[in-house]
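Report on the structure
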Amino acid sequence: MKKKLLLILLCIIPIYVNAECSYSEKYELNALSSYIDYTYEYDENTELFNLKIININEKMELRYENNILKPNNGTVTIEKIEPGSNIKIGVYSTVENDCYNEYLRVIYISVPYFNRFYGSILCKGYEELNVCNSKFLDYQISNKNFITILNKYEFTLNNEEDIIEPVTEENKWYTSIIDFLQKYFFKILTSIISSIFSLSIFNIVYRKVKHKL
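Everything quoted here is computed from the prediction, not taken from an experiment.

What follows concerns the overall build of the protein chain. Looking only at helices and strands, the protein chain features five helices and nine strands. Across the 213 residues of the protein chain, 21% fall into the buried class. Counted over contacts in the protein chain with a minimum sequence separation of 6, partners at least 24 positions apart contribute 52%.

Given below as structure tokens:
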């Protein structure tokens, strides 16, 4: 009787046989997963980031914080991400292919901080500094740190001017002498030699005349 019941149950319950995940399909899935990329946008109203994962193939799904995220037109959006967050998203194959639940890759995303000094009047004249020309930073900057950076920049700039100007002025006379010698050295040397030669001849002639030689 028990054997008959077991046979009936085996006939009623469908048996699912998983197809074998081939090497070629694994290779294809891994190749497709490498195209997955992301962008983020900052919402100034909420002061949070919205993360958009793109180029997700329909054979794949994302797993983030114990949630399974299915792509819609190849895109998954994760909203309200805190600035400075470190995001870890796993990429797996879906049940719709032979390589179900196959781990493909992990995506690491470091969400930056919004730089509230970017484009402000405080940055006028300091546009070349990173704290003024970058809308997003890898670190959070306070008012005190911002002022400290500007002060250090001013100090460095002033010291460079103090060093350069005196050296230029002190070397000005030395440079002029070098230029003068380079330009007139041979003329002066020729003139001196000619004068010495003329003076020697004059002395010889003078001695002959004096001694009536």
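Strand order in the open sheet formed by four strands is S4-S3-S6-S7, with antiparallel pairing between adjacent strands. What marks the edges here is a single partner per strand, and that holds for strand S4 (67–69) and strand S7 (103–110). Put simply, the sheet's adjacent strands are angled 30 degrees from each other on average, direction ignored. Across the face of the sheet, helix H2 (residues 23–33) comes into contact with strand S3 (60–64), strand S6 (86–93) and S7 while running at roughly 10 degrees to S7.

The subject of this paragraph is the environment of Glu-65. For Glu-65, the position within the fold is in the loop between S3 and S4. Under the relative-accessibility criterion, Glu-65 is labelled exposed at 57%. For the pair formed by Glu-65 and Ile-87, sequence separation is 22 residues and the distance between their alpha carbons is 9.4 Å. A distance of 3.3 Å separates the side chain of Glu-65 from the side chain of Tyr-64, its partner in a polar contact.

Definitions and cut-offs
- Residues numbered from 1 in each chain as written.
- Predicted model: local features only at pLDDT ≥ 70, side-chain atom pairs only at ≥ 80, totals over all residues.
- Heavy atoms only, no water.
- Helix = DSSP H or I, 4+ residues; strand = E, 2+ residues; numbered from the N terminus.
- Buried < 20%, exposed > 50% of the residue type's maximum accessible area, 1.4 Å probe, protein only.
- Contact = heavy atoms within 4.5 Å.
- Pairing = 2+ DSSP bridges.
- Axes fitted to C-alpha atoms, helices over the stretch in contact; angles between N-to-C directions.
- Polar contact = N/O pair within 3.5 Å; in protein donor to acceptor, adjacent residues only side chain to side chain.

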